[in-house]
Amino acid sequence: MSEPIRIGLVSISDRASEGTYEDQGIPALQDWLGRALTSPWSAETRLIPDERPVIERTLVELVDEAGCDLVLTTGGTGPAPRDLTPEATLAISDKEMPGFGEEMRRISLNFVPTAILSRQVAVIRGRCLIINLPGQPKSIRETLEGVRDADGTVRHVGIFAAVPYCIDLIGGPYVETDESVIKAFRPKHAIRTKQA
């Protein structure tokens, strides 16, 4: 049995954190991960306002104290004055992983031309991968899972296909996925045989 992965789920929204409306980001992430992961996992959830110091403290706490291997944020990545998630994420990072943001925008452009306004980033802090996802549940699913044709054929692979191998490379637990949702890609030498 593989070591469980600890995943931080952070929803960044002034209105949801104030209780003005119900947060949809964390439930959407939990639902998707519940379908996508076949490895054991646990979640650390945080609902916080669009305040850069709060975002930075939350990310540091999830990585350095809670021991998360992966942190997924949702919200705060647009061009509005209070959208500060990318700045906070970059500020606490050791390395930027620009391919994730590039690919999320490319996937979202299949659906909306305003995808170019998104500023999602991904970074490494210590032995944790942190990814800023879009704010809408539909967009979260599309960027993680990819684009499918009407018959279910994958036309554009989602970013989560690369996440398990990235976690391998930075020293985290071996993560496996349900291939009907998203097939994790690893080079042949990095694939472990399934235990009976």
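The structure we're discussing is the one just above.
Novice: Kindly report on the overall build of the chain, identifying the contributing residues and their values.
Specialist: A tally of regular secondary structure across the chain gives seven helices and eight strands. For 196 residues, the compact-globule estimate of 2.2 N^0.38 gives 16 Å, and the C-alpha radius of gyration of the chain, at 16 Å, lies within 12% of that figure. C-alpha atoms of the chain, sized along the principal axes, occupy 50 × 40 × 30 Å. Looking at the chain residue by residue over its 196 residues, the buried ones come to 47%. Across the chain, the centroid of the 22 positively charged side chains sits 4 Å from that of the 28 negatively charged ones.

Novice: So what about the sheet that holds strand E4 (residues 95-96)? Which residues, and what values?
Specialist: What links the strands of a sheet is backbone hydrogen bonding, and the strands pair in either a parallel or an antiparallel sense. Ordered in space as E2-E1-E3-E6-E5-E4, the six strands form an open sheet in which the pairing is mixed. Strand pairing shows two members of the sheet lacking a second neighbour, strand E2 (41-48) and E4, which therefore form its edges. In the packing of helix H3 (residues 52-65) onto the sheet, the strands contacted are strand E1 (5-12), E2, strand E3 (70-74), strand E5 (122-125) and strand E6 (128-133), and the crossing angle to E2 comes to about 165°.

Novice: Break down the nonpolar core for me, citing the residues and quoting the values.
Specialist: The tendency in soluble globular proteins is for nonpolar side chains to be buried side by side. Leu70, Leu129, Ile131, Leu133 and Phe160 are the most contacted members of the largest nonpolar core, which totals 33 residues. Within the residue set of this core, elements represented by two or more residues are E1, helix H2 (25-36), E3, helix H5 (98-108), E5, E6, helix H6 (137-145) and helix H7 (163-169).

Novice: Break down H2 for me, citing the residues and quoting the values.
Specialist: Spanning 12 residues, H2 covers 16 Å between terminal C-alpha atoms, matching the ideal 16 Å at 1.5 Å per step. What H2 keeps buried is the set Gly25, Ile26, Ala28, Leu29, Trp32, Leu33 and Ala36. Axial view of H2: buried residues confined to an arc of 160°, hence all on one face. Considering only its buried residues, H2 is in contact with E1, E2, E3, E6 and H6.

Novice: Tell me about the side chain of Glu103, residues and numbers included.
Specialist: With respect to the secondary-structure elements, Glu103 resides in helix H5. Given the relative accessible area of 19%, Glu103 is considered buried.

Novice: So what's going on with the packing of aromatic side chains? Which residues, and what values?
Specialist: For the structure shown, the criterion picks out one aromatic pair. Seen in terms of ring centroids, Trp32 and Phe160 are 5.2 Å apart; in terms of plane orientation they differ by 70°. Their pairing is edge-to-face. A residue pair is termed long-range when its members are at least 10 positions apart, and Trp32 in helix H2 and Phe160 in the loop between strand E8 (154-157) and H7 qualify at 128 residues. The exposure class assigned to Trp32 is buried, which follows from its relative accessible area of 1%.

About the criteria used
- Residues numbered from 1 in each chain as written.
- Predicted model: local features only at pLDDT ≥ 70, side-chain atom pairs only at ≥ 80, totals over all residues.
- Heavy atoms only, no water.
- Helix = DSSP H or I, 4+ residues; strand = E, 2+ residues; numbered from the N terminus.
- Rg over C-alpha atoms; globule rule 2.2 N^0.38 Å.
- Buried < 20%, exposed > 50% of the residue type's maximum accessible area, 1.4 Å probe, protein only.
- Lys, Arg positive; Asp, Glu negative; His and termini not counted.
- Charge placed at Lys NZ, Arg CZ, Asp CG, Glu CD.
- Pairing = 2+ DSSP bridges.
- Contact = heavy atoms within 4.5 Å.
- Axes fitted to C-alpha atoms, helices over the stretch in contact; angles between N-to-C directions.
- Core = buried A, V, L, I, M, F, W, Y, C linked by side-chain atoms within 4.5 Å.
- Expected span 1.5 Å × (residues − 1).
- Arc of directions from axis to C-beta.
- Phe/Tyr/Trp six-rings, centres within 6.5 Å; stacked < 30°, edge-to-face > 60°.

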